Amino acid sequence: MTDETKLAFGHPEERAATTEGADFLDRISLRNHVVEVEIGAFQAERGVTQRLSFDVVVEVYPLEEDAGDDVDRILSYDRVTEAIAHELAAERLNLLETLSERIADRILLEPQAARVFVRIQKLDRGSGELGVEIVRARGDASAAVAEGEKPHPRVVFLSQEAMVSENLGGWIEKMGADAPLIFCVGLPEVAAPQTGHPLTQRRVDLLAIEQNAWMLAARDQRCFVVGTWTELDWAMKNGQTCVWAPSKMVLDAVDGPKGSDAMALAQWLAEEMEACELVFIGADVSSVSTEGGKVPMRSLSVA
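Residues numbered from 1 in each chain as written. Predicted model: local features only at pLDDT ≥ 70, side-chain atom pairs only at ≥ 80, totals over all residues. Heavy atoms only, no water.

Trainee: Lay out the overall build of the chain with the relevant residues and their values.
Mentor: Within the chain, the regular secondary structure consists of 10 helices and 10 strands. Counting across all 303 residues of the chain, residues that qualify as buried make up 44%. Considering only contacts in the chain between residues 6 or more positions apart, those separated by 24 or more positions represent 62%. Of the roughly 16900 Å² that the chain leaves accessible, carbon and sulfur atoms contribute 51%. (Helix = DSSP H or I, 4+ residues; strand = E, 2+ residues; numbered from the N terminus. Buried < 20%, exposed > 50% of the residue type's maximum accessible area, 1.4 Å probe, protein only. Contact = heavy atoms within 4.5 Å. Areas by Shrake-Rupley, 256 points an atom, 1.4 Å probe, with all protein chains shown as cover.)

Trainee: Pulling in residues and values, what's your account of the packing of aromatic side chains?
Mentor: Summed over all chains, the structure comprises 3 aromatic pairs. Grouping aromatic residues by their ring pairs yields a cluster made of W229, W244 and W268. (Phe/Tyr/Trp six-rings, centres within 6.5 Å; stacked < 30°, edge-to-face > 60°.)

Trainee: Would you mind going over the environment of L130 in detail, with residue names and values included?
Mentor: Position of L130 relative to the elements: it lies in strand β4 (residues 130–137). Between the alpha carbons of L130 and L96 there is a distance of 9.7 Å; along the sequence they are 34 residues apart. Once residues within four sequence positions are removed from consideration, L130 is found in contact with L96, I120, Q121, K122 and R125.

Trainee: Describe the nonpolar core, and please don't skip the residues or the numbers.
Mentor: If you look at the biggest cluster of nonpolar residues, it comprises 51 residues, and the most contacted ones within it are L158, F183, W244, L269 and I281. Here the element with the most residues in this core is helix α10 (residues 262–272); it accounts for 7 residues. Apart from the residues lying within four places of it in its own chain, the contact partners of L269 are I182, C184, W229, L232, W244 and M249. (Core = buried A, V, L, I, M, F, W, Y, C linked by side-chain atoms within 4.5 Å.)

Trainee: I'd like a description of the confidence of the model for the chain, backed by residues and values.
Mentor: When pLDDT is averaged across the chain, the result is 85; 85% of the residues are at 70 or more. Low confidence marks residues 142–147, where pLDDT is under 50. Its contacts with residues over four positions away, or in another chain, come to 4 contacts. (pLDDT = per-residue confidence, 0-100.)

Trainee: Go over helix α6 (residues 168–175) with me, naming the residues and quoting the values.
Mentor: Residues of α6 that are buried: L168, W171, I172 and M175. End-on, the buried residues of α6 take up no more than an arc of 100°, which puts them together on one face. More than 90 degrees from the buried face of α6, the exposed residues found are E173 and K174. (Arc of directions from axis to C-beta.)

Trainee: Hey, could you go over unusual backbone geometry for me, with residue numbers and the actual values?
Mentor: The phi torsion at N32 lies on the positive side, around 50°, for a residue other than glycine. For N32, the position within the fold is in strand β1 (residues 26–37). The backbone phi angle of E274 is positive, close to 50°, even though this residue is not glycine. Checked against the element boundaries, E274 lands in the loop between α10 and β9 (277–281). Given the relative accessible area of 43%, E274 is considered partly exposed.

Trainee: Requested: an account of the pairing of strand β8 (residues 241–244), with residues and values cited.
Mentor: Of the two faces of β8, the one lined by T241 and V243 and the one lined by C242 and W244 are each fully buried. Note that strand β6 (residues 181–185) and β8 share 2 bridges and pair parallel. By the bridge assignment for β8, I182 is matched with C242. Bridge count for strand β7 (residues 223–226) against β8 is 4 bridges, and the pairing is parallel. (Pairing = 2+ DSSP bridges.)

Trainee: Kindly report on the sheet that holds β8, identifying the contributing residues and their values.
Mentor: Pairing is parallel across the open sheet formed by 6 strands, whose spatial order is β7-β8-β6-β5-β9-β10. Of all strands in the sheet, those bounded by a partner on one side alone are β7 and β10 (297–300). Each adjacent strand pair in this sheet contributes to an overall mean axis angle of 25°, direction not counted. Alignment of strand β5 (residues 154–158) against β9, held across 5 bridges, turns out to be parallel. (Axes fitted to C-alpha atoms, helices over the stretch in contact; angles between N-to-C directions.)

Trainee: Could you give an account of the state of the cysteines, with specific residues and numbers?
Mentor: Inspection of every chain in the model, using the stated rule, returns 0 disulfides. No disulfide involves C223; its nearest neighbouring cysteine sulfur is the one of C242, lying 9.1 Å away. (Disulfide = S-S within 2.5 Å.)

Trainee: Give me the lowdown on the packing of helix α3 (residues 77–90) against helix α4 (residues 96–107), citing residues and values where you can.
Mentor: For any two helices packed against each other, the geometry is given by the interaxial angle and the distance between the axes. Between α3 and α4, whose axes approach to 9 Å, the crossing angle comes to 135°. In terms of orientation, α3 and α4 fall into the oblique class. Remark: the crossing between α3 and α4 carries right-handed chirality. Residues V80, A83, I84, H86, E87 and L88 of α3 pack against L99, R102, I103, R106 and I107 of α4. Residue composition of the contact of α3 with α4, grouped by class: 7 nonpolar, 1 polar and 3 charged. (Parallel < 35°, antiparallel > 145°, perpendicular 65-115°, else oblique. Left-handed = near helix turned anticlockwise from the far one by under 90°. Nonpolar A, V, L, I, M, F, W, Y, C, P; charged D, E, K, R; others polar.)

Trainee: Tell me about the environment of E133, and please be specific about residues and values.
Mentor: By the element assignment, E133 lies in strand β4. With relative accessibility at 30%, the residue E133 sits in the partly exposed group. Spatially, the C-alpha atoms of E133 and L96 are 9.3 Å apart, while their sequence positions differ by 37 residues. Within polar-contact distance, the side chain of E133 engages the side chain of R119 at 2.6 Å. (Polar contact = N/O pair within 3.5 Å; in protein donor to acceptor, adjacent residues only side chain to side chain.)

Pasting the structure below:
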């Protein structure tokens, strides 16, 4: 830990002694903010929650005018806790390093925020408190401003019959002409192994869907299998036709789909991506729920 980071979390008297006579900024802080969350790279950390302790110190620029006693004029503590809650809800993460970076980036979006110190500790792993500490300044934020307008793709679910149809090339050209195109597929015709246990069976089924995704990608060189939000975002921005491998994104979702029904997964992806539409080709859509759906849906025959 650098002396500067140590002082950020230290007692105000320590900071005052080292900054006396120097130009320094005011700070707001959040200490010992404990949240239970599912996080971690190990299998033992999946499906269970553990306590994380957050300490955040934000250096703030002074307001140009006196804010008086108006809470709406300042960077409030609520904005710090909201940044933590937002990033915890966005995606299940493996690393504290990733979580701390994202929290720092989000806080630095605030106009008053100049620099932020973030400490996160796992309270329930091992005999001590395991954690990370980072410091980021305005201009360092990796996600401060999204580049360009968010794409709204067309999500297309292909039945097994549609997957092997000679119309595949035409669908790519037509449906990808005015929007990024993401193909979703279901289970292959060969039955997946049966484990006899719901949680392990779900993983087997998701992997079987991914095998089918690779089979589709092999049929047309314009198709690329993607399995993370980052890959998906990059592929869409670079004009690639995507075939979705769902395992990581589904299992990492904080409030994602609970089963492995392929059409329900496609609907979830379409809503998460704010798709322009969801198209089912050659599939029986009678089981697809349309209640509260935010994405327009239609179905097409294979022929």
